[in-house]
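# Inside the fold
These are the residues of each chain, in order.
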Amino acid sequence: MKKLILLLASGLTLMATSCKKKEAPKQETTVATKDGYQISSSGSEVYWTGYKFTEKKGVKGKFKTINVTKAPVASTALKAFNGAEFSIPTSSVWSDNAIRDGKLKELFFGFMDNTEFLTGTFATKGSEIVLNLKMNGQTKEIPLKHTIQDRHVKLEGSLNMLEFGAVNAYNSIHKACEVLHTGTDGVSKTWEDVAIEALVFLKKA
C-alpha cells in the first residue's frame, strides 16, 4: 500500500512539472539613438541681394566659398547653430557678371578694413537664431528668420552697410555704379541695406 501511494505521488509530481509553462527567453532591449546635427560647409550656400533704383530693384549674388571653422554637435537642428562659426573669403563674391564682381572686390570690399574674410558666429536665443557678423572690423548682431526641414535650414536676414562703418565702401561702389544705378526717374540710387540668405545643410554626427 505504501508503495502504491509513493508511486501515485511521484506521478502527480511529474505531471505538474511537465504542465508548467515554459518561460520565454529574455530578449535584449536596444535603445535607438538619433544621429546628432552638425553644420557642414558642403551643401551649404550663402546668397545676398543688393538694391538699386528708387523702386528698389534687387541685384542678386552669392559667395562661392564658405568655410565652417567651428561646428558643435547638437541633439537638434536648432541647437547646432549655437556657437557655430564660419569665414567667407570676399574674393569668392559672384553675381554672374564679371565686371560687377570686379567692382565689388576692388571698390567695395577693397575700401573696408580687414575684410579679406567675412566672419561670423551663430547663437541661439530661445527658439531664435542670431548672427554676429564681423565686417569692416566691426561686429553687429543680426536677427535671422529660420525654417527647418529635416537637415536643411533656411536663414534670412538683412544688414545696413553703414552700421558697419562702411561709409567709404558705400560711397565708392555708388560712385562706380552711378550711371548703372540711375532709374527712369533720373535718380541714381544705391540702397544701404542688403538682404542675406543662407541655405545650411546639417550633416549627421
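Worth saying up front: this structure is predicted, and the values here are computed from it rather than measured.

### So, the pattern of salt bridges
Two side chains that carry opposite charge are able to pair once their charged atoms sit near each other. Tallied over the entire structure, the rule returns four salt bridges. In this structure, the salt-bridge partner of Glu 45 is Lys 62, at a minimum N-O distance of 3.2 Å. Taken together, the residues span a long stretch of sequence, with Glu 45 in strand β1 (residues 37-52) and Lys 62 in strand β2 (residues 57-63) at a distance of 17 residues. With a closest N to O distance of 2.8 Å, Asp 193 and Lys 56 form a salt bridge. Of this pair, Asp 193 sits in strand β10 (residues 193-204) while Lys 56 sits in the loop between β1 and β2, placing them 137 residues apart in sequence.

### Overview of helix α2 (residues 98-108)
Buried within α2 we find Asp 101, Lys 103, Leu 104 and Phe 108. Looking straight down α2, one finds that the buried residues subtend no more than 160 degrees of arc, so they occupy a single side. Facing away from the buried side of α2, by more than 90 degrees, are the exposed residues Ala 98, Ile 99 and Glu 106. Of the surrounding elements, those touching the buried residues of α2 are β1, β5 (93-94) and α3 (167-176). Looking at where α2 begins, the residue whose side-chain oxygen comes 3.1 Å from the main-chain nitrogen of Ile 99 is Asn 97.

### Description of the side chain of Lys 52
Position of Lys 52 among the secondary structure elements: in strand β1. This buried residue, Lys 52, is left without a salt bridge; Glu 55 holds the nearest opposite charge, at 9.1 Å. Setting aside residues up to four positions removed in sequence, Lys 52 forms contacts with Lys 57, Val 59, Leu 180, His 181, Lys 189 and Trp 191.

### Considerations on α3
Every buried residue of α3 is listed here: Ala 169, Tyr 170, Ser 172 and Ile 173. Taken end-on, α3 shows its buried residues confined to a sector of 165 degrees, consistent with a single buried face. Opposite the buried face of α3, by more than 90 degrees, sit the exposed residues Asn 168 and Lys 175. In this structure, the buried side of α3 is in contact with α2.

### Brief notes about the confidence of the model for the chain
Confidence along the chain averages 89 in pLDDT terms, with 83% of residues attaining 70 or more. With pLDDT under 50 throughout, residues 1-21 is counted as low confidence; its partners more than four residues away or in other chains account for zero contacts.

### Examining the packing of aromatic side chains
In the structure shown here, the tally under the stated rule is four aromatic pairs. Where Phe 63 meets Phe 109, the ring centres are 6.3 Å apart and the plane angle is 55 degrees; that geometry is what we call tilted. With Phe 63 in strand β2 and Phe 109 in the loop between α2 and β6 (117-125), this residue pair connects regions lying 46 residues apart in the sequence. The class for Phe 109 is buried, based on a relative accessible area of 9%. Chaining the aromatic ring pairs together yields one cluster made of Phe 63, Phe 108 and Phe 109. Note that Arg 151 overlies the ring of Tyr 37, its terminal NZ or CZ placed 4.1 Å from the centroid.

### A short note on the sheet that holds β5
The strand order β3-β4-β6-β7-β8-β9-β10-β1-β2-β5 describes an open sheet built from ten strands, whose pairing is antiparallel. A strand with exactly one partner marks an edge of an open sheet, and here the two such strands are β3 (67-70) and β5. Relative to β2, β1 runs antiparallel, the two sharing seven bridges. Counted as the bridge partner of Lys 52 is Lys 57 from β2.

Rules used in this analysis
Residues numbered from 1 in each chain as written. Predicted model: local features only at pLDDT ≥ 70, side-chain atom pairs only at ≥ 80, totals over all residues. Heavy atoms only, no water. Salt bridge = Lys/Arg side-chain N within 4 Å of Asp/Glu carboxyl O. Helix = DSSP H or I, 4+ residues; strand = E, 2+ residues; numbered from the N terminus. Buried < 20%, exposed > 50% of the residue type's maximum accessible area, 1.4 Å probe, protein only. Arc of directions from axis to C-beta. Contact = heavy atoms within 4.5 Å. Polar contact = N/O pair within 3.5 Å; in protein donor to acceptor, adjacent residues only side chain to side chain. Lys, Arg positive; Asp, Glu negative; His and termini not counted. pLDDT = per-residue confidence, 0-100. Phe/Tyr/Trp six-rings, centres within 6.5 Å; stacked < 30°, edge-to-face > 60°. Lys NZ or Arg CZ within 6 Å of the ring centre and 35° of its normal. Pairing = 2+ DSSP bridges.

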